[in-house]
Amino acid sequence: MTDSDPDDPGSPDGPCPDPAPAVRRWSPPRPFGPHDLRRNLRVLRRGPYDPAYRVAGGAVWRATRTPLGPATLCVAPDAGAGEVVGEAWGPGAEWILDRLPALLGAGDDPSAFVPRHRLVAEAHRRHPGLRLVRTGLVLESLIPSILEQKVTTDEAYRAWRLLLRRHGEPAPGPPGRLPEHMYVMPGPRTWALIPSWEWHRAGVDDKRSSAILRAVARARRMEEAARMDPAAAVARLTAIPGIGPWTAAETLQRVSGAADAVTVGDLHLPGIVVYALTGERGGDDARMLELLAPYAGQRHRATRLILATGRTPPRRAPRFPRGDIARL
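Residues numbered from 1 in each chain as written. Predicted model: local features only at pLDDT ≥ 70, side-chain atom pairs only at ≥ 80, totals over all residues. Heavy atoms only, no water.

J.: I tried to follow the environment of Gly 242 on my own but got confused; where do I start?
T.: Assignment of secondary structure puts Gly 242 in the loop between helix H11 (230-238) and helix H12 (245-255). Residues Gly 242 and Ser 209 lie 33 residues apart in sequence; the distance between their C-alpha atoms is 9.5 Å. With near-sequence residues (within four places) excluded, Gly 242 lies in contact with Gln 149, Ala 211 and Arg 214. (Helix = DSSP H or I, 4+ residues; strand = E, 2+ residues; numbered from the N terminus. Contact = heavy atoms within 4.5 Å.)

J.: For this particular structure, what's the right way to read the packing of aromatic side chains?
T.: Note on aromatic pairs: each is described by the distance of the centres and the angle between the planes. In this structure the tally under the stated criterion is three aromatic pairs. Arranged with centres 5.4 Å apart and planes meeting at 10°, the rings of Phe 113 and Tyr 295 form a pair that is stacked. Here the residue Phe 113 occupies a position in the loop between helix H3 (100-103) and helix H4 (118-126), and Tyr 295 occupies one in the loop between helix H14 (285-292) and helix H15 (299-308), the gap between them amounting to 182 residues. Exposure remark for Phe 113: the relative accessible area of 4% places this residue in the buried category. Ring geometry for Trp 191 and Trp 199: centres 6.0 Å apart, planes at 20°, overall stacked. (Phe/Tyr/Trp six-rings, centres within 6.5 Å; stacked < 30°, edge-to-face > 60°. Buried < 20%, exposed > 50% of the residue type's maximum accessible area, 1.4 Å probe, protein only.)

J.: What exactly am I supposed to notice about the pattern of salt bridges here?
T.: Pairing of side chains with opposite charge becomes possible as their charged atoms draw close. Scanning the entire structure with this criterion turns up 18 salt bridges. Ionic pairing is found between Glu 224 and Arg 221, a salt bridge with its closest N-O pair at 4.0 Å. Given a relative accessible area of 26%, Glu 224 falls into the partly exposed group. Residue classification places Arg 221 among the partly exposed residues on the basis of a relative accessible area of 46%. With a shortest N-O distance of 3.2 Å, Glu 290 and Arg 287 are connected by a salt bridge. Within this pair, Glu 290 and its partner Arg 287 are both found in helix H14, separated by three residues, close to a single helical turn. Residue classification places Arg 287 among the partly exposed residues on the basis of a relative accessible area of 22%. Salt bridges here are not isolated pairs; linked through shared partners, they connect Arg 25, Asp 78 and Glu 83. (Salt bridge = Lys/Arg side-chain N within 4 Å of Asp/Glu carboxyl O.)

J.: Got a minute to help me understand the pairing of strand S3 (residues 59-66) in this structure?
T.: Each regular strand shows side chains that alternate between the opposite faces of the sheet. Most of S3 is tucked away, with seven of its eight residues classed as buried. Once strand S2 (residues 53-56) ends, the chain turns through two residues before running back antiparallel as S3, passing Gly 57 with a positive phi of about 60°. Direction of pairing for S3 relative to strand S4 (residues 69-78): antiparallel, over a ladder of seven bridges. In the strand pairing of S4, Ala 63 is matched with Thr 72. Linking two consecutive strands that pair antiparallel, namely S3 and S4, is a turn of two residues. (Pairing = 2+ DSSP bridges.)

J.: Could you clarify how one ought to interpret the sheet that holds strand S1 (residues 22-26) in this entry?
T.: For sheets, the rule is that strands pair by backbone hydrogen bonds, running either parallel or antiparallel. Strand order across the open sheet formed by five strands is S1-S5-S4-S3-S2, with antiparallel pairing between neighbours. Every interior strand has two partners, whereas the edge strands, S1 and S2, have only one. Direction aside, the axes of adjacent strands within the sheet are offset by 20° on average. (Axes fitted to C-alpha atoms, helices over the stretch in contact; angles between N-to-C directions.)

J.: Mind showing me how you'd approach helix H9 (residues 206-217) here?
T.: When the terminal C-alpha atoms of H9 are compared, their 16 Å separation across twelve residues agrees well with the 16 Å that a helix rising 1.5 Å per residue should span. Along H9, the positions that sit buried rather than exposed are Arg 208, Ser 209, Ala 211, Ile 212, Ala 215 and Val 216. In an axial view of H9, the angular spread of the buried residues amounts to 155°, which keeps them on one side of the axis. Opposite its buried face, H9 presents the exposed residues Asp 206, Lys 207 and Ala 217, each directed more than 90 degrees away. Packing partners of the buried residues in H9 comprise helix H5 (139-147), helix H7 (188-192), helix H8 (196-201) and helix H10 (219-223). (Expected span 1.5 Å × (residues − 1). Arc of directions from axis to C-beta.)

J.: Just to check I follow, could you spell out unusual backbone geometry for this structure?
T.: Residues other than glycine predominantly adopt negative phi, and peptide bonds predominantly adopt the trans conformation. Here the bond from Arg 30 into Pro 31 is cis, since omega is 0°, no more than 30 degrees from zero. Secondary-structure assignment places Pro 31 in the loop between S1 and helix H1 (36-41). We note that Lys 150 has phi near 60°; this positive angle belongs to a residue other than glycine. Among the structural elements, Lys 150 can be located in the loop between H5 and helix H6 (153-167). The exposure class assigned to Lys 150 is exposed, which follows from its relative accessible area of 79%. Look at His 181: it is not a glycine, yet its phi comes out positive at around 60°. Topologically, His 181 is positioned in the loop between strand S6 (169-170) and strand S7 (183-184).

This is the structure we're talking about:
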């Protein structure tokens, strides 16, 4: 997770300047600064060149597949009015605008969070506009989370980018204004028809591609997890072979804003959390969960705040080597 936006050439303060077929204005609960919108939505971006996510001219653009079809959402703060302006195109435009407040954290309740460490308390004070987003769409978070299993983020981002550009469809939107090379992810049937050599070309091994194929074969059952309580949702997702607690947590954090969906089994997160809270190096999941125990019910929010401090252990070992099965 990073707070940099290398693809944002403009100011964060202006709303999208042109009229759109579908528009919604919404007043987020205070406090909500002009940069909170981008920071909160950034968890949905899969790398700086994600074909389904762009930041341009201060607006966040998302290409998504709703139950009513593809949609592109452009959302930006109107600092003068204290509102957020959402514009949408495509068959799913009204669906995505109806859920704009939920996407931006309207259903999140940060008042339930009580800091237990000085570092966390300071991060909570410095980031009062932090909200946990809720997309309500499972596959669009589940599939890239599966791609991120046991590989570097660069490898996973490359796979997501290549698969969307080759098998997705161009995002709906106004020519000349829509950022270039935006794509809506494939639908379940298209995912199911991707041949094995295309997965290989994208650097996706059989284990991950098979998990994705099993998930899209049960797409309706997967999407139902967005409306379940956290325990039932985890059970529904992990019933698919190849989807474990790590993938389920990463998915539900984005789909339903699950405040307690702490990620276990991550290569880096335990070391970061343990070092940030104690200064100890080499922290594992058990030690991380021990330290996060006082935040029961809010452990994901606690880790988000810890990551926002930027406090990480000094690097001693070389970076994890990048593999590329497409070259085999």
